[in-house]
Amino acid sequence: MANALTSTLPANLQSSYKQAADDWQKQGKLQKLWQKDAALWTNDDEAQWLGWLDIVERQQKDMQSFLDLAADIKGAGFESALLLGMGGSSLCPEVLALTFGQQKGFPALQVLDSTDPAQVRDRRQSIDLEKTIFIVSSKSGSTLEPNILKQYFFDEVTKAVGAEKAGQHFIAVTDPGSKMEKVAKDDKFRYIFYGDKQIGGRYSALSNFGIVAAALQGLDVKRLLAEAQQAVDASKKDDPEQNPGLKLGLMLGTAANAGHDKITFFCSPEIHDLGAWFEQLIAESTGKQGKGITPVDREQIASPDHYGSDRIFAYVRLEGGRNEELDKQVEALEKAGQPVVRLAVKDLYGIAQQFFTWEIATAVAGSVIGINAFNQPDVEASKLETRRLTEAYEETGKLEEPTPIFSAPAGGIRVYAAKKYAALLGDVKDLDSVIKAHLDHIHAGDYFAVLAYINMTQQNEDTIQYFRHQVRGAKKVATCLGFGPRFQHSTGQDYKGGPNTGVFIQVTADHPQDLPVPGQKYTFGVVIAAQAAGDLTVLQQRERRAIRVHLGADVKAGLKQLSDAVERALEL
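The structure reproduced in this document is the subject of the present report.

Take the overall build of the chain next. From N to C terminus, the chain includes 22 helices and 16 strands. A globule of 572 residues ought to have a C-alpha radius of gyration of about 25 Å, and the chain, at 23 Å, matches this closely. Its C-alpha atoms put the chain at 65 × 65 × 45 Å along the principal axes. Scored against the burial criterion, the 572 residues of the chain give a buried share of 59%.

Within the structure shown, the criterion is met by 43 salt bridges. When the shortest N-O distance is used, the salt bridge between Arg223 and Asp347 registers 3.1 Å. Remark: Asp347 occurs in the loop between strand 10 (340–345) and helix 15 (351–369) and Arg223 occurs in helix 11 (residues 221–234); sequence separation between them is 124 residues. Since its relative accessible area comes to 37%, Arg223 is described here as partly exposed. The salt bridge partner of Lys436 is Asp440, with a shortest N-O separation of 2.9 Å. On the basis of relative accessibility, which here comes to 25%, the residue Lys436 falls in the partly exposed class. Judged by relative accessible area, which is 37%, Asp440 ranks as partly exposed.

So, on to the pairing of strand 7 (residues 262–267). The element strand 7 is extensively covered by neighbouring structure, given that 6 of its 6 residues are classed as buried. Side chains of strand 7 alternate between two faces, with Lys262, Thr264 and Phe266 and Ile263, Phe265 and Cys267 buried alike. Crossover strand 7 to strand 8 (residues 294–296) through helix 13 (residues 274–286) is right-handed. As judged from the 6 bridges shared by strand 7 and strand 9 (residues 311–318), these two strands associate in the parallel manner.

Attention now goes to the sheet that holds strand 7. Strands sit in the order 1-10-9-7-8 across an open sheet of 5 strands; the sheet is mixed. The open sheet terminates on both sides in strands that have one partner only, identified here as strand 1 (5–8) and strand 8. Across this sheet, the average inter-strand angle for adjacent strands is 20 degrees, counted without regard to direction. In this structure, strand 9 lies alongside strand 10, joined through 6 bridges in parallel fashion. Each bridged residue has a counterpart across the sheet, and for Val316 the counterpart in strand 10 is Leu343. Contacts from helix 13 reach strand 7, strand 8 and strand 9, with the element oriented near 160 degrees to strand 7. Packed onto the sheet, helix 14 (residues 324–335) meets strand 1, strand 7, strand 9 and strand 10 and runs at close to 150 degrees relative to strand 10.

A separate point is unusual backbone geometry. Backbone phi values are negative for most residues with the exception of glycine, while trans is the configuration of most peptide bonds. For the bond running from Gly484 to Pro485, omega is 5 degrees, close enough to zero to count as cis. Residue position: Pro485 is located in the loop between strand 14 (478–483) and helix 20 (492–497). Although it is not a glycine, Lys188 adopts a positive phi angle of roughly 55 degrees. For Lys188, the position within the fold is in the loop between helix 9 (179–186) and strand 6 (191–194). Of note, Gln289 is a non-glycine position whose phi angle comes to about 55 degrees, a positive value. Tracing the backbone through its elements, the reader meets Gln289 in the loop between helix 13 and strand 8. Residue Gln289 is classed as exposed on the basis of its relative accessible area, which comes to 57%.

Below, the discussion takes up the environment of Ala444. Within the element layout of this structure, Ala444 appears in the loop between helix 18 (431–439) and strand 13 (447–452). Residues Ala444 and Lys476, 32 residues apart in the sequence, show an inter-C-alpha distance of 7.5 Å.

What follows covers the state of the cysteines. Summed over all chains, the structure comprises 0 disulfides. The structure places no disulfide on Cys267, whose sulfur is separated from the nearest cysteine sulfur, that of Cys92, by 14 Å. Distance from the sulfur of Cys480, which forms no disulfide, to the nearest cysteine sulfur (Cys267) is 15 Å.

Bringing empty space enclosed by the protein into the picture now. In this structure the tally under the stated criterion is 1 cavity of 30 Å³ or more. In this structure, the largest cavity occupies an estimated 130 Å³ of space. As for the largest cavity, its lining consists of 15 residues, of which Glu279, Arg298, Arg486, Phe487 and Ser490 are closest to the centre. Only helix 13 and strand 14 provide two or more residues apiece to the lining of the largest cavity. Tallying contributions element by element places strand 14 first for the lining of the largest cavity, with 3 residues. Among the residues making up the lining of the largest cavity, the classes are represented as 5 nonpolar, 5 polar and 5 charged.

Strand pairing in a sheet is mediated by backbone hydrogen bonds. Such pairs are either parallel or antiparallel. An order of 3-2-4-5-6 is seen for the 5 strands of this open sheet, with the pairing classed as parallel. Single-partner strands in this sheet number two, and they are strand 3 (108–112) and strand 6. Strand-to-strand twist across the sheet, computed as the mean angle between neighbouring axes with direction ignored, equals 20 degrees. Bridging between strand 4 (residues 132–137) and strand 5 (residues 170–174) involves 4 bridges; their strand directions are parallel. Bridging from a neighbouring strand, Phe134 pairs with Phe170 of strand 5. Lying on the sheet, helix 4 (residues 63–76) is in contact with strand 4, strand 5 and strand 6; it crosses strand 6 at an angle near 150 degrees. With respect to the sheet, helix 9 is in contact with strand 4, strand 5 and strand 6, its orientation differing from that of strand 6 by roughly 160 degrees.

Bringing the nonpolar core into the picture now. Residues Trp52, Trp277 and Trp358 are the most contacted members of the largest nonpolar core, which totals 94 residues. Among the elements that line this core, the one with the most residues is helix 15, at 11 residues. Excluding its chain neighbours within four sequence positions, the residues that come into contact with Trp277 are Leu91, Cys92, Val95, Arg202, Ala205, Gln354, Phe355, Trp358 and Glu359. One finds Ile413, Leu431, Leu439 and Val471 within the second-largest nonpolar core, a separate group that totals 37 residues.

Reading the values: the criteria
- Residues numbered from 1 in each chain as written.
- Predicted model: local features only at pLDDT ≥ 70, side-chain atom pairs only at ≥ 80, totals over all residues.
- Heavy atoms only, no water.
- Helix = DSSP H or I, 4+ residues; strand = E, 2+ residues; numbered from the N terminus.
- Rg over C-alpha atoms; globule rule 2.2 N^0.38 Å.
- Buried < 20%, exposed > 50% of the residue type's maximum accessible area, 1.4 Å probe, protein only.
- Salt bridge = Lys/Arg side-chain N within 4 Å of Asp/Glu carboxyl O.
- Right-handed = clockwise from strand over helix to strand, strands pointing away.
- Pairing = 2+ DSSP bridges.
- Axes fitted to C-alpha atoms, helices over the stretch in contact; angles between N-to-C directions.
- Contact = heavy atoms within 4.5 Å.
- Disulfide = S-S within 2.5 Å.
- 1 Å grid on protein atoms, 1.4 Å probe; cavity = no way out; pocket = protein on both sides within 12 Å on 5 of 7 lines; lining within 4 Å.
- Points joined across faces, edges and corners; volume = space filled by probe spheres on them.
- Nonpolar A, V, L, I, M, F, W, Y, C, P; charged D, E, K, R; others polar.
- Core = buried A, V, L, I, M, F, W, Y, C linked by side-chain atoms within 4.5 Å.

Structure below.
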C-alpha cells in the first residue's frame, strides 16, 4: 500500500500539502480521526457517523453469514439478481457487477436506481421473475425510490409465483428498526441483512450494503475484505507518505482551498465504474456551505489545452489493464503542470483497497476544507420538495406546471427557468437563442452539468456525452453528466450546497407508456416528474444558473434537437 499513490503537484500545491501534512502530524490529527473526535470537523454530530472505520474487522468476523448466503443463492439456482436502491446503497454493488461480471453458477447482478418508467420496464423485461432474486437496499427504509420499486416488483413476483413464495425471492439490506425491516418481515423475505446506524450510505461500501451483493454474485468475500484490511492498516500510519488515504485527503483538501476544487477521474477501462462511486462519495461529503470538491466522471481525457486551472486529476490505474493511451495522455497533463494523483490497483480485488482509501481521504479532505463530511442537508431539501409534490398529486391528481419561457410548436421542446434567471437570459425567440443565452453564463472556473431525468440508455448517454464535450472544448470548463434521480443521491448535494459555480441543463420528457405504482395513485412517470421538479426548485432556491429543457414524448428526437442547439450556440 505504501507505493499505491504517487503524485505530481505544482510548487504552490506541493507547499500547501506539505504544510497540511506537518500540521496533521504535529497536532496528532490522524489519531483524532481514529478516536472519532468530532472536533476534527465542525464538532457537530460527526462522531455518530464513523462506524465505517472498523467495519472491515467486523465483517471479517461475520464471514460465515456471507458464505452461507452465497451457498444458498447458488443452490437455489437463481439466474438473475436485481438490486433496488439509490446512491450509497446501490453504487458499490454496481461497481462490483460491472467490474467482475457474472460468476459461474451465480446470478448475474443488475442494479435499478431509476424511477423512469421506461427504465423500470426495461429491467422487468430483461429478467425471468421466477429465476430472479431481488435485493431491496435502503438504509433508512423510507427512501422513496427503493420503496416503490419494491412495491412494483413484489407485485410482479406475486403474480408470477404466488403470494406464499414471493418473499423467498427478496432480500432486504436495511438498518435495524427501519420501515423496510418491518416490510421484509411482514412479506417473509428470504433474508434481512442489517446496516450500521453509524455508517452513512456513501461510506457503506464495505458494510452489508456492498458485501451482501458481493457474496450473492459469487465473489471471494474473504479475499475482498482482506484487500480492504490492507488499506485499513495503511490508514493508521502517521506518515502521509506511508498512508495513501491520508495523503490523498490532504492533497484534495488543500487543492480545493487553493481553487483546484474539481476532481476529474480517469480509470482503467476494466475498473471504469469506480468513478461513479468516487463521485457520490466526494460530492455528497464535501459539497456544502458554499464549499466543496466537484467530481467529474466519464469526461473523456483530452490534451492539456482543454483544461483550465481549477482541477486536480486522479488516475486510478489497474496494473496490466488497457492503459496505453491513458498513460500517454495523463503524462501529457503532468508535463503541462496540471496536478495529477496516481493510484495503483494491482488486480480487480484491489478495488476494495480503493473503497477504504477514498473514504479516509474524503473524511480528511472534509476536515481540511472545514465542513461536516457526513451530512447531506441539500439532498434532504430535494427529498422534502419531491414528497410535497407527490402528496399533492395524491390529493389532486395533478402536478404543478410552471409557464415555459419558450415552447416549440406542435408539442415539441419546452424550456423553463426561474423568473429571476429568465430575466437575465433576455428576449429568447427560439431554442437556439435560449441555449446560447444560457451557455453565455458559463465563465472560467465554472462547471457545466446536464441533469437528465430520462432512461439511462447507451444511446441517450452518447448524445449527451457528445454535446457535453462540445461545451468542454469551447468553454474550457469542467463538465458533468448525471441521470436522475440517481444523481440526486450523489452529486446533487454538491450542485445545491457547494460553490455556486455550476451551470445546469435539466432534461425531462413525457412518458407515453407509464407504469403504475401498486397501492398508490401516482405512477412512476409522476414520481420522476416530481423528483425533477423538486430538484429544480431547490437549485433555483439556491440561485443556481439552471434551465429545464422538456423534450416531449420523443426523447431521441428531442435530445438530438438539444444537441444541435448546443452545437450551434457554441459557434455563435
